[in-house]
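Architecture at a glance
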Amino acid sequence: MSGWDHAATAERYERFCRTHARYRRANEVLVGEADLASGHSVLDFGAGTGRTASAALRRLGRRGTVVCVEPAAAMRAAGERLLRDRRVAWREALPDARDAGARFDRVLAGAVIWQLEPLDEWIARLAALLRPGGALAFNVPALYLGEPDEPGAGRDPLLLDLVARLAADAVPVGRVATAPPRAPLRRSTINEALTSAGLAFRAWEFRYRLTQTVFARWLAIPVLTDTLFAGAAPGERERRIERALGEVDQRSFKWERWRGWTAWKP
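Notes on the structure follow. (Residues numbered from 1 in each chain as written. Predicted model: local features only at pLDDT ≥ 70, side-chain atom pairs only at ≥ 80, totals over all residues. Heavy atoms only, no water.)

1. Quick notes on the overall build of the protein chain
As a reminder, the rule being used: Under the DSSP-based scheme used, a helix requires at least four consecutive residues in state H or I and a strand at least two consecutive residues in state E, with every element numbered from the N terminus. With the radius of gyration taken over C-alpha atoms, the globule rule is written as 2.2 Å times the number of residues to the power 0.38. Throughout, exposure labels follow a simple rule: accessible area from a 1.4 Å probe, protein chains only, divided by the maximum for the residue type, with under 20% read as buried, over 50% as exposed, and the rest as partly exposed.
The number of helices and strands found in the protein chain is 10 helices and 8 strands. Taking 2.2 N^0.38 as the reference for a compact globule, 266 residues should give roughly 18 Å; the C-alpha atoms of the protein chain span a radius of gyration of 19 Å, in line with that estimate. On the principal axes, the C-alpha backbone points of the protein chain span a range of 55 × 40 × 30 Å. A buried classification covers 52% of the 266 residues belonging to the protein chain.

Spelled out as C-alpha cells, the structure:
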C-alpha cells in the first residue's frame, strides 16, 4: 500500500471524498452490514483519511472507540487532521494479537482487502484481533474480482471511452491498469480464506450509479492511475483527464457493483 504514501494522493483522495458519494455510500453500507452497536470497540484497517471511521462513529455512541490503522503516513496525517474525536486513536501498524487489550468487537476494512497479499495470512491476522462473537466486515468493487459491471445508460454505458482516450496518448490499451489487484482475486479465494480462519460468513452486495464525471474525478487520484499516466505530475494528469472528459458523453453512467462480507468469530 506504499503507493498511497504521497501528499498529492492524500489531498486528491480527500477532495474526491468531499465532492462525490462513491466512498461515502460504500462506507454507509459497510458499517450497516457490520451490525455496529453503541459501545463497540472497532479496528478500522486501511483507514485512509478516516472516512470509514467517521461512518462508524455515528453508530458507536459516547463509549464506542475506533483504532484507525493506516500504514501510509500521508493518508494517516490527513486523517489525524480531519478526524478530531476523542474516541479515535491512530496507528501505523496492526496491534499484536498477543497484547492485552488487542481485541475488538468489529474489524472493518473498507475498499482495501484487494491490496492484501497473501490474503489468507492477512485474513487470519485480522481474525485474531476479534473478540469471540466479533465480526470482520469488508468490501471490494466487484470489478476487482473479475466481475464486469452492469451497463447503465448513454452512449458509453460501461464508461470505456474515457480510459481509451487517455490510453491512446499513454500506453497501449491492453496494458492499462486502473488500480486492479496485483494478482487475480476471486470471491472463491475470499471465501476460502475466511473459512480457513475459522470464520462463519455471509456475503452481501450493493450497486452504485457511477457517472462519467465521478469516474473522471476518481481517475485523478494519482496512485490509481500510475500505469496509465506513466509518471505524469498530478496537475498534468488532471488537465489530460478534463480534456478527455470534454470529448466523451458526460451523461453516460454504469452500475458499479460492490461485494462485501461480514465474517463472525465463534
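2. Here's the deal with the packing of aromatic side chains
Given two aromatic rings, their pairing is described by the distance between the two centres and the angle made by the two planes. Definition in use: Each Phe, Tyr or Trp ring, with Trp reduced to its six-membered ring, pairs with another whose centre is within 6.5 Å; inter-plane angles below 30 degrees give stacked pairs, above 60 give edge-to-face pairs, and intermediate values give tilted ones. The criterion is that NZ of a Lys, or CZ of an Arg, lies within 6 Å of the ring centre and within 35 degrees of the ring normal, and then a charge sits over that ring.
Taken as a whole and assessed by the stated rule, the structure comprises 10 aromatic pairs. Relative to Trp255, the ring of Phe253 lies with its centre 5.6 Å away and its plane at 85°, an arrangement referred to as edge-to-face. A connected cluster of aromatic rings, assembled from ring pairs, spans Trp4, Tyr13, Phe16, Tyr23, Phe206 and Trp258. Residue placement shows Arg209 over the ring face of Phe253; its charged tip is 3.9 Å from the ring centre. For the cation-ring pair, Lys254 lies above Phe215, with the distance from its terminal atom to the ring centre recorded as 5.8 Å.

3. Here's the deal with unusual backbone geometry
Note the cis peptide between Glu117 and Pro118, where omega equals -10°. Turning to its location among the elements, Pro118 is positioned in the loop between strand E4 (104-109) and helix H5 (119-128). Unlike most non-glycine residues, Ala111 shows phi in positive territory, near 55°. Examined against the element boundaries, Ala111 turns out to sit in the loop between E4 and H5.

4. Side note on the side chain of Glu147
Here is the rule: In protein, a polar contact requires one atom able to donate a hydrogen and another able to accept it; more generally it is a pair of N or O atoms within 3.5 Å, and residues adjacent in sequence count only if both atoms are side-chain atoms. The contact rule is simple, with two residues in contact once any of their heavy atoms fall within 4.5 Å.
Turning to its location among the elements, Glu147 is positioned in the loop between strand E5 (130-141) and strand E6 (150-153). With relative accessibility at 14%, the residue Glu147 sits in the buried group. At 2.7 Å, the side chain of Glu147 forms a polar contact with the side chain of Arg187. Polar contacts involving the side chain of Glu147 include one to the side chain of Arg259, which spans 2.9 Å. Beyond its immediate chain neighbours, meaning those up to four positions away, Glu147 contacts Ala142, Arg187 and Arg259.

5. Topic: the pattern of salt bridges
Here is the rule we go by: Whenever Lys or Arg places a side-chain nitrogen within 4 Å of a carboxyl oxygen from Asp or Glu, that contact is recorded as a salt bridge.
Tallied over the entire structure, the rule returns 22 salt bridges. Among the salt bridges present, the one from Arg87 reaches Asp85, with a minimum N-O distance of 2.9 Å. A residue is classified by how much of its surface remains accessible, and Arg87, at 18% relative accessible area, is buried. Under the relative-accessibility criterion, Asp85 is labelled partly exposed at 23%. Among the charged side chains, a network of salt bridges with common partners joins Glu147, Glu150, Arg187, Glu205, Arg207, Arg257 and Arg259.

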